[in-house]
Every structure is written in C-alpha cells, then in structure tokens.
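Residues per chain are reported as follows:
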Amino acid sequence: MQQRSEQLRTEGKTIAFVPTMGYLHEGHLSLMREAREKGDVLIISIFVNPTQFGPGEDYERYPRNIKRDFQLAQEVGVDIIFTPSVPEMYPAGFQTFVEVEKVAENLCGISRPHHFRGVTTVVTKLFNIVKPHLAIFGQKDYQQLVTINRMVADLNMDIEIIGLPTVREADGLAMSSRNAYLNLEERKAAQSLYRSLHTGEELFRQGERSTKVILQEIRKIIEGEALTQIDYAKICDPQTLEDIEDIEKEAVIALAVKIGKTRLIDNLILEGGV
Ligand code: AMP
C-alpha cells in the first residue's frame, strides 16, 4: 500500500482517504462520494481495529460483510480498498501508541478509557501507510473528529481533515453499523436519541440557555422509553469538549445511550442562538 501511494504521489495525484470499520451504510458512502469529488484517487480502509475496543465490548461480534462492502465501494467509485489483517497492523512486539489528552477525556473517554488512544493510533498508522492528502470523517463521531483534528495539528501531520454531517434514517436515527444489533422493539426505542436532540435544539431556539434545563428534557425523553440506559447526556464546548453550564455562543449536545446491549452515540451542534 505504501508503495502504491508513493507511486501515486510521484505521479502528482491527490489521494483522498476514508477510513472505516466496514459494514458500510449510507453514512460511509456520503464520505466516499465527497472524497471522490475532492481527490484524483479514492482510497478507503476497512479494518475493525481491536485497540479501540475495551474488554467486554463488541469487537468479536462487530458486524462484518466484506463482500457487500466491496460491492458498495465499487458503486461509489472507490479506487483502492485497503483491508489489512490484525497481525499486519499489530505484529508481535507492537508497543507504540498515540494519545491525545484533554479533548479525548470527557464523554466517551470516561466510559471507554482506552478507546481514543486506539483510534488515534490506528488512524496515524493508516495515514502513514496510505499517505493521503486529505481524509474525511463523519460528524456522527464528533469527539473522534475533534480528537483527530487535534492530533493532526499537534503532530504537524500534512493532511487536510474534512468533517461531514451525520446521515440519518427517515425517522432521524443516525446511521451506524451497530444499528444492525437492534431488534424491532429496540429500533423503536432508538428513535428517542434524535427526538431528544431535536427537542434540545427547539428549546435552544426558543431562548433556553441553561444546559441543566435542556438536559433534563433530553433525559426525560430518553428515559421515557423502555430498554434505554443513558451512559451520558452532556452539553459541551464544541472545540474543547468541556461541559458547559450556560450556552453563550455554540455548543454540542452529545449522547451515548445503551438500548438493550447496544451502545449508540449521537450529537447535535447548537449554533447561532436567537
Ligand atoms: P466507522 O466504520 O463506524 O468507524 O465509521 C467510519 C467513518 O464513517 C467515520 O468517520 C464515521 O464518523 C463515519 N460515519 C459513521 N456513521 C456515519 C453517519 N451516519 N453519517 C456520517 N458519517 C458517518
């Protein structure tokens, strides 16, 4: 892969890159379509990265369907699919990690303590292998996007990072490979995430600025559904990801909710004010 990328760079081609864990859906494809527009060559990776899963999480049962992924990737015009194996990425003796500090500590950093270390390490490795000029990520994983932006700035990585909006199902549920875990009843309960974010946004639009008040309403909606268990519901500064009490300019509402055994995340940016 490194040789291929080096060759493409020598030919003066712009490499656009979309890293994924596969089981592709319309959210992934939207990133690929944009990358197709922005680069001469579109490379994606499909790698379920073990170092970003904690013990007892869903690494083993994470959904996989490489045949279907190849088909979908082909349909959106992907040029190269990079699918390394785990031993290729983490051979015996591997012991180097990339760790971003503050922005990775709140939100998912609390319940998944080594998650972002795994993400930033694998993304660094993928960047070094694929050598992209630009890489595209989804705002669905908002903290991941902020963390990667931080890493790229802090470590002087010569790569443009582009964040794109969350693609949702018709009822508002953010598309996710993990939605495949949900049974019918859980799928219905999962609507409460977006419904609560939407209500939060409405309150903000009506002038409410207290995060306590907005979060109370959000929690009420999610807890109103059976099968839900809130991991966190927070309103944070969109750059530092620190909790805020009163919204001055912009903020991000961030949620992680377990529906049965499935942990889903979602977020919504509040901007502009009234
Ligand atoms: P994943 O395969 O879940 O690691 O996701 C790969 C990339 O797709 C990440 O940059 C995600 O943020 C992005 N992504 C996942 N779901 C969505 C979505 N519903 N809308 C937009 N981007 C998404």
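Residues numbered from 1 in each chain as written. Predicted model: local features only at pLDDT ≥ 70, side-chain atom pairs only at ≥ 80, totals over all residues. Heavy atoms only, no water.

## Quick look at the pairing of strand E4 (residues 134-138)
Step number 1: The element E4 is extensively covered by neighbouring structure, given that 5 of its 5 residues are classed as buried.
Step number 2: Alternating positions in E4 separate into two faces, Leu134, Ile136 and Gly138 on one and Ala135 and Phe137 on the other, with burial throughout.
Step number 3: Bridge analysis of strand E1 (residues 15-20) against E4 gives 2 bridges, and the strand direction is parallel. The residue bridging Ala16 from the neighbouring strand is Leu134, located in E4.
Step number 4: As paired strands, E4 and strand E5 (residues 160-164) are joined by 5 bridges and run parallel to one another. Directly across from Ala135, in E5, lies its bridge partner Ile161.
Step number 5: In the classification by handedness, the crossover that spans E4, the intervening helix H7 (residues 142-154) and the parallel E5 is right-handed. (Buried < 20%, exposed > 50% of the residue type's maximum accessible area, 1.4 Å probe, protein only. Helix = DSSP H or I, 4+ residues; strand = E, 2+ residues; numbered from the N terminus. Pairing = 2+ DSSP bridges. Right-handed = clockwise from strand over helix to strand, strands pointing away.)

## A closer look at the pattern of salt bridges
Step number 1: Inspection of every chain in the model, using the stated rule, returns 16 salt bridges.
Step number 2: Between Arg33 and Glu26 there is a salt bridge, with the nearest N and O atoms lying 2.6 Å from each other.
Step number 3: Glu201 is the salt-bridge partner of Arg205, the closest N and O atoms lying 3.5 Å from each other. Residue Arg205 and its partner Glu201 are both found in helix H9 (residues 191-205); the two are separated by 4 residues, about one turn of the helix.
Step number 4: Look at Glu201 and you get buried, because its relative accessible area is 16%. (Salt bridge = Lys/Arg side-chain N within 4 Å of Asp/Glu carboxyl O.)

## Side note on the environment of Ala189
Step number 1: Looking at the secondary structure, you find Ala189 in helix H8 (residues 184-189).
Step number 2: For Ala189 and Ile43, which are 146 residues apart along the polypeptide, the C-alpha to C-alpha distance reads 36 Å.

## Looking at the domain arrangement of the chain
Step number 1: When cut into domains, the chain gives domain 1 (2-164) and domain 2 (180-270).
Step number 2: On a C-alpha basis, the centroid separation for the pair domain 1 and domain 2 is 26 Å.
Step number 3: Taken together, the contact pairs 18 residues of domain 1 with 19 residues of domain 2.
Step number 4: Each partner contributes to the roughly 1500 Å² buried at the junction of domain 1 and domain 2, and carbon and sulfur atoms together form 57% of this total.
Step number 5: Considering only the side of domain 1, the residues that lose the most area to domain 2 are Arg61, Leu107 and Tyr142, jointly responsible for 39% of the buried surface there.
Step number 6: The tally of links between domain 1 and domain 2 comes to 0 salt bridges.
Step number 7: Put simply, the parts of the chain that give the side of domain 1 that touches domain 2 at least two residues each are helix H5 (108-111) and H7.
Step number 8: Partitioning the side of domain 1 that touches domain 2 into residue classes produces 9 nonpolar, 4 polar and 5 charged. (Domains from an automatic or database assignment. Contact = heavy atoms within 4.5 Å. Buried area = accessible area lost by both parts, 1.4 Å probe. Nonpolar A, V, L, I, M, F, W, Y, C, P; charged D, E, K, R; others polar.)

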